[in-house]
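# Report on the structure
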Amino acid sequence: MVDIQSASQMTSWLVAGQTLFLTIHLLGVLCFAYIVAKRLVPLIRGQRDFRFDQPLIRLGRVLKFWLGQWKQPRYRLAGTLHIFIFAGFLLLAVRAFSVLIVGVSQNFVMPGLAGRAGPAYNIITDYAATIVFLCMVIAIIRRLIFKPARYAVPARYGKAHTADAIFLLSLIAILMMADSLFAAAKAAAQSQPGQSVETLAAFSLPWMLQRALVSASLPTLGTLYFGAYLVHELTFYFLLCYRPFGIQFHVETSLFNIYFAKLDREILKPVRYGVSDEHLDQVKSFGVKTFEDFTWKHMLDFYSCADCGRCSDNCPANAVGRPLSPRFITIKARDYSFQHYPVIGRAHNGTPLVGSKDSGSIYSADEIWSCTTCGACEEECPLLVEYIDKIVDLRRGMVDDGNVPQSLQKPLKALESRGNPYGKMEKKKADWANAKEFQQTCPVKTLGKSNGANTLYFVDSITSYDDRMQSIGRATAKILNHVGENFGILGAAERDSGHEVRRFGEETLFMTLRDHNVEAIRTSGVRRIVTADPHAFNALKHDYKDVPPVEHISQVIAREVKAGKIKFSPVENENSVYAYHDPCYLGRHNQIYDDPRDVLDAIPGLKRVEMKRCRDRSFCCGGGGLMLFYEPKEDQRMGVKRVQMAAEAGANVMVTACPFCMVNIEDAIKVAGLEGKMTAIDLTELVDQQIAREGPDLKFGLKKEEQAAESKECVVTSSNAQ
Amino acid sequence: MEILVCARRVPDTSENEIQLNGAGNDIERDELVYSINEADNYAVEEALQIVTRVGGTVTVATVGGEDDEEILRREMAMGANHGVLISDEVFGGSDGRGIATILKGFVQKGHYDLILTGIQAEDGGAQVGGMLAALLDYPFASLVNSIEVLDGKKLKVSREIEGGNKEINEIDLPCVLSIQTGINEPRYVGMKGIRQVASLPIPTYGASDLGVDPGLVGEAGAKVKRVDYFVPPQGKGAEILHGSREENVDKVLELVTAKGGLK
């Protein structure tokens, strides 16, 4: 041990350890570099992914989501703790480096901290270390005693992660303690008679330790000083090299993961980045079949997951007991990567990812088909991990291998031959509009060579063919008519938008449907498109190219209400309490949250409540398009959970703005036994029902000319109003 | 194992509204969409699975016209090694025995260990499999719902007996089997797969290629002739409900309860 004569040269206490410290530094850094290099191997073998554009926008997102911890407060307690820990780590980073360097160069002072800034920085970091230490204690207590449900690991996914989490939290606590003791020992020595006193932040961890050490002898303090340094050094490097083996790797990868995160989330990943649609036929294998089929960024996602469980906590499939938990999509892939690309030894790969467990596959087919692509997981993830693209890519791989459930094969085949999943005749597509009774009150023209229009109403399959949903089509047509829109439909020329076809991995079939529709839309010569189906809306807006601008009917209605073209009669039933259910592809995927609510709030006397889960935390009704044909393994329907949420909120009318939501919610009302207590209505149906149309309704202040103009427009008989 | 699957293209019953034509001797075919006969698709899947287990090739053959190439390509996209179109003007109007005679000619041109057909065509009468076996003097098993290859010379096949029991038989190769739907889960054939086989050549064989006597096939050779085609009149006891979905469900419940089906 060092012979301590005086405390005048505190750092001399470390001199004897210089060689040891230097060795640890070098070993630690080398070891870390080696592990990281090994971790990069699969990324290099992964698929291309263009994430190097728009550096300024990406930096902005780093500021928001990384430095600003934007998503964290969505979970109040855990988020706050994380913000403190994150801020503490950032503040302590400089201190950690100077401390490390002091071990080999005793008089080192970090540039910029030589003058007055030094003591100020020291005080800040004293507090930072204390706060991080306390956060660790709270986090350990949470993990051990309160055990939030979302951290639990269901048996089918392996053992609990608690031990690993506590081990890591403890290591950080030890690091903070060692760091504080190091500062305290030094300060305690200095506070002995005749020394210049270095101030420690009052009530901080170093401050308390220093007070405990005041009466200790110089040699004891020297030993403590040296010991604390050694523990700090060893813990630091152990953590550094251990992190790439588990969830703490996000400390290193998060910055990159957020910088490279997808900017245009609403646009689905192409089959291959850099391969145009025309050249897709030359791509031999579609989608993700083995681990190396993931893009490098998707692999980085796997490394970056912090296992916080927020994705699965919000996943509707997970909530109803389907065999899908987004958290484990990531965790299982990361474990696969660690196992098949070991730090020591050769990489071995090529196992199919989807298949039976016995053959080494990590995902089951049901797991991958269970996702409704609602986007709740992605909305929540603080690290911007992407899920939908991966699910779709895995499905593309399964479709390519012919591995598609029988229940989906029929509708897919029908989409191929008839352009709709029901196998209905094309010529019957416009039947909903051509019914005599309806035609007389509200003519809808089918666009053709001699029959042009300004606006296309894109109806899509379900609204065209499903008896119940045709009412949404008729309501939409009547609203468009009411506001004087010159519109038409494509009729037999309209094919399914292909929205779910694409999301179910049948890219080539989607392209055929899309190309047909694009051609038909262009031929029709329309200048804008309106649809009442959020899935068609999303497809037209993001999956199609070179088509006129598209709007959802709720946007049109909201605008016309503001412009005064639509006036409402007051609601008749005073006992009705309305709750608006956000369709995933209107809300989360297109951020249309306010328009439908504004419309509802414009109806006089309408009482509206919000469900606990609303807006970007809306809970999927069960999925649309092909998902209606899929037979999931589940304990409960998503829709049933959703209508129960509405009942809890005190609503007895659920308003939605999507035909698929209507299917699921109406079914769920029956399954949940809420018939008679709860009803569902589409926004268009409600608007159509409430529009003040005829007569001089003076309370809305219409002038005579306006009344005249209105009476020319479509007059509605109640037979068509829902 | 060299396997031949005899397949047929039929109007897809789930995607068409079948109506009688004006003459009343056939259905209206103008707006129909066609696909491979469902049971034949199961037969091809079974053949592919056998080949995966024991090796060999799968050939799919159909008797028909140019339009029928569509199903051959679909099955090739599924994994069949060869597609063969058997087509000749003189084949038109063949009855079941005529088709079996044509297929016999094709079988004898090659070396097939196993010949599979679907249990029956959706617009047919389950004739061809049995007749083909008889014409070839091969053993035949019908309604097969599982196949196990015992060695190079024998198969163990099972069929379901009315009431749900299973019967297992051993059968010598070469043989003809008619395949029941449900024997497997046919794989999906995507658009991409179909596109990739779009330009592969499909050989066509006519009567002379196969050495088939034109007098035995086609209209000339047909001894079974269709004389009428009609929708049977509504029988007694059959009631068709015409209400809305809810009304129908209520009505069905009422009827079943009234007949003592529900208590």
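Computed from a predicted model, the values in this text were never measured in an experiment.

With that settled, consider the overall build of chain A. A count of helical and extended segments in chain A gives 30 helices and nine strands. In terms of overall dimensions, chain A has a C-alpha envelope of 105 × 60 × 45 Å along the principal axes. Counting the 722 residues in chain A, one finds 46% classified as buried. Nonlocal contacts in chain A, meaning residues at least 24 apart in sequence, comprise 78% of its contacts between residues at least 6 apart.

The next subject is the overall build of chain B. Per the secondary structure count, chain B includes eight helices and 11 strands. C-alpha atoms of chain B, sized along the principal axes, occupy 60 × 45 × 40 Å. Relative to its full complement of 263 residues, chain B shows a buried share of 39%. Taking contacts inside chain B between residues at least 6 apart in sequence as the whole, the part at least 24 apart equals 71%.

Here the focus is the domain arrangement of chain A. Residue and element names in this part refer to chain A. Along its sequence, chain A is organised into domain 1 (12-25 + 55-245), domain 2 (285-400), domain 3 (418-561) and domain 4 (566-720). With centres defined by C-alpha atoms, the gap from domain 2 to domain 4 works out at 35 Å. The interface of domain 2 with domain 4 comprises 15 residues on the first partner and 19 residues on the second. Put simply, the parts of the chain that give the side of domain 2 that touches domain 4 at least two residues each are α12 (316-319), α14 (365-369) and α15 (376-380). Tallied by class, residues from the side of domain 2 that touches domain 4 come to seven nonpolar, five polar and three charged.

All names here are of chain A. Contact geometry for helix α10 (residues 296-304) and helix α13 (residues 326-340): axes closest at 8 Å, N-to-C directions at 100 degrees. Here α10 is positioned roughly perpendicular relative to α13, judged by the angle of their axes. Facing Met-299, Asp-301, Phe-302 and Tyr-303 of α10, the residues of α13 in contact are Thr-330, Ala-333, Arg-334 and Ser-337. Per-class residue counts for the contact of α10 with α13 are four nonpolar, two polar and two charged.

Now for the interface of chain B and chain A. Contacts between the two partners involve 16 residues from chain B, matched on the other side by 22 residues from chain A. The element that contributes the greatest number of residues to the side of chain B that touches chain A is helix α5 (residues 191-196) of chain B, accounting for three residues. Its residues assigned to classes, the side of chain B that touches chain A shows five nonpolar, three polar and eight charged.

Split into domains, chain B comes out as domain 1 (2-221) and domain 2 (236-263). Each of domain 1 of chain B and domain 2 of chain B was reduced to a C-alpha centroid, and the two centroids are 40 Å apart.

This brings us to the sheet that holds strand β2 (residues 455-458) of chain A. By way of backbone hydrogen bonds, the strands of a sheet pair with one another, either parallel or antiparallel. All names here are of chain A. Taking strand neighbours across the sheet as the criterion, the five strands line up as β1-β3-β2-β4-β5 in an open arrangement whose pairing is parallel. For this open sheet the edge positions go to β1 (445-446) and β5 (550-552), each flanked by a neighbour on one side alone. Where strand β4 (residues 528-531) meets β5, three bridges bridge the pair, whose relative direction is parallel. Note on β5: the bridge partner recorded for Ile-529 is Val-550.

The next thing to look at is helix α1 (residues 38-54) of chain B. An α-helical turn contains 3.6 residues, so any two residues separated by three or four positions project in the same direction. Residue and element names in this part refer to chain B. Here α1 spans 25 Å end to end across 17 residues, near enough to the 24 Å set by a 1.5 Å rise per residue. Within the sequence span of α1, burial applies to Ala-39, Asp-40, Asn-41, Tyr-42, Ala-43, Val-44, Glu-45, Glu-46, Ala-47, Leu-48 and Ile-50. At the exit of α1 stands Gly-55, carrying a positive phi of roughly 85 degrees.

Residues and elements named next belong to chain B. Taking burial as the measure, the five residues of strand β10 (residues 175-179) include five buried ones, the bulk of the element. Of the two faces of β10, the one carrying Cys-175, Leu-177 and Ile-179 and the one carrying Val-176 and Ser-178 are both buried. Looking at chain direction, strand β6 (residues 114-118) and β10 are connected through five bridges and run parallel. Bridging from a neighbouring strand, Thr-117 pairs with Ser-178 of β10. Relative to β10, strand β7 (residues 140-149) runs parallel, the two being bridged by three bridges. Residue pairing across strands places Val-144 opposite Ile-179, the latter belonging to β10.

Attention now moves to the pairing of β6(B). Residues and elements named next belong to chain B. Of all five residues making up β6, five are buried, and the element is well covered by its neighbours. Burial of the side chains of β6 extends over both faces: Leu-114, Leu-116 and Gly-118 are buried on one face and Ile-115 and Thr-117 on the other. Two elements, strand β1 (residues 2-6) and β6, share four bridges in a ladder whose sense is parallel. From the neighbouring strand, Ile-3 faces β6, where its bridge partner is Leu-114.

Our focus in this paragraph is the nonpolar core. Counting residues in each nonpolar core, the largest one holds 237 residues, and the members touching the most others are A:Ala185, A:Met654, B:Val5, B:Val44 and B:Leu103. Top contributing element to this core by residue count: helix α6 (residues 162-190) of chain A, with 14 residues. Every residue in contact with B:Val5, bar those within four places of it in the chain, is listed here: B:Asp40, B:Ala43, B:Val44, B:Ala47, B:Val58, B:Val60 and B:Leu116.

Residues and elements named next belong to chain B. Read from one edge to the other, the open sheet built from nine strands follows the order β9-β8-β7-β10-β6-β1-β4-β5-β11, with strand pairing classed as mixed. Two strands bound the open sheet, and with one partner strand each, they are β9 (166-172) and β11 (204-205). When β7 meets strand β8 (residues 154-160), the two strands line up antiparallel, connected through five bridges. Across the sheet, Glu-148 pairs through a bridge with Lys-156, a residue of β8. Its contacts with the sheet place helix α2 (residues 69-78) against β4 (57-63) and β5 (82-86), and it is angled at close to 165 degrees to β5. Along the sheet, helix α4 (residues 128-136) makes contact with β1, β6, β7 and β10, crossing β7 at roughly 80 degrees.

Let us look at unusual backbone geometry. Cis geometry is found at the peptide bond from B:Leu173 to B:Pro174, where omega equals -10 degrees. In this structure, A:Lys147 takes a positive phi of about 40 degrees despite not being glycine. Mapped onto the fold, A:Lys147 is located in the loop between α5 (117-146) and α6. Non-glycine residue A:Arg615 carries a positive phi angle of around 50 degrees.

Per-residue confidence for chain B gives a mean pLDDT of 91; residues scoring 70 or more make up 100%. Predicted complex, confidence summary: ipTM 0.87, pTM 0.91.

We now examine helix α24 (residues 534-543) of chain A. Residues and elements named next belong to chain A. Taking burial as the measure, the 10 residues of α24 include eight buried ones, the bulk of the element. Three or more residues of α24 are buried, namely Pro-534, His-535, Ala-536, Phe-537, Asn-538, Ala-539, Leu-540 and Lys-541. Where α24 is buried, its residues meet β2, α22 (499-503), β4, β5 and α28 (659-671).

Turning next to the packing of helix α2 (residues 18-45) of chain A against helix α8 (residues 218-242) of chain A. All names here are of chain A. Where α2 contacts α8, the axes come no closer than 9 Å and their chain directions differ by 10 degrees. Taken together, the axes of α2 and α8 lie roughly parallel to each other. Judged by residue contacts, Phe-21, Ile-24, Gly-28, Cys-31, Phe-32 and Ile-35 of α2 engage Glu-233, Leu-234, Tyr-237, Leu-240 and Cys-241 from α8.

Attention shifts here to the environment of A:Gly60. In this structure, A:Gly60 sits in helix α3 (residues 55-67). With 171 residues separating them in the primary sequence, A:Gly60 and A:Val231 have C-alpha atoms 38 Å apart.

Moving on to the confidence of the model for chain A. All names here are of chain A. Mean pLDDT over chain A stands at 90; residues scoring 70 or higher make up 93%. Note that residues 1-8 has pLDDT below 50 and, in this model, 14 contacts with residues that lie over four places away or in other chains. This model gives residues 696-722 a pLDDT under 50, and the stretch forms 35 contacts once residues within four places in sequence are excluded.

Analysis parameters
Residues numbered from 1 in each chain as written. Chains lettered and ligands numbered in written order. Predicted model: local features only at pLDDT ≥ 70, side-chain atom pairs only at ≥ 80, totals over all residues. Helix = DSSP H or I, 4+ residues; strand = E, 2+ residues; numbered from the N terminus. Buried ≥ 20, exposed ≤ 12 C-beta atoms within 10 Å, placed from the backbone. Contact = placed C-beta atoms within 7 Å. Domains from an automatic or database assignment. Nonpolar A, V, L, I, M, F, W, Y, C, P; charged D, E, K, R; others polar. Axes fitted to C-alpha atoms, helices over the stretch in contact; angles between N-to-C directions. Parallel < 35°, antiparallel > 145°, perpendicular 65-115°, else oblique. Pairing = 2+ DSSP bridges. Expected span 1.5 Å × (residues − 1). Core = buried A, V, L, I, M, F, W, Y, C linked by C-beta atoms within 7 Å. pLDDT = per-residue confidence, 0-100.

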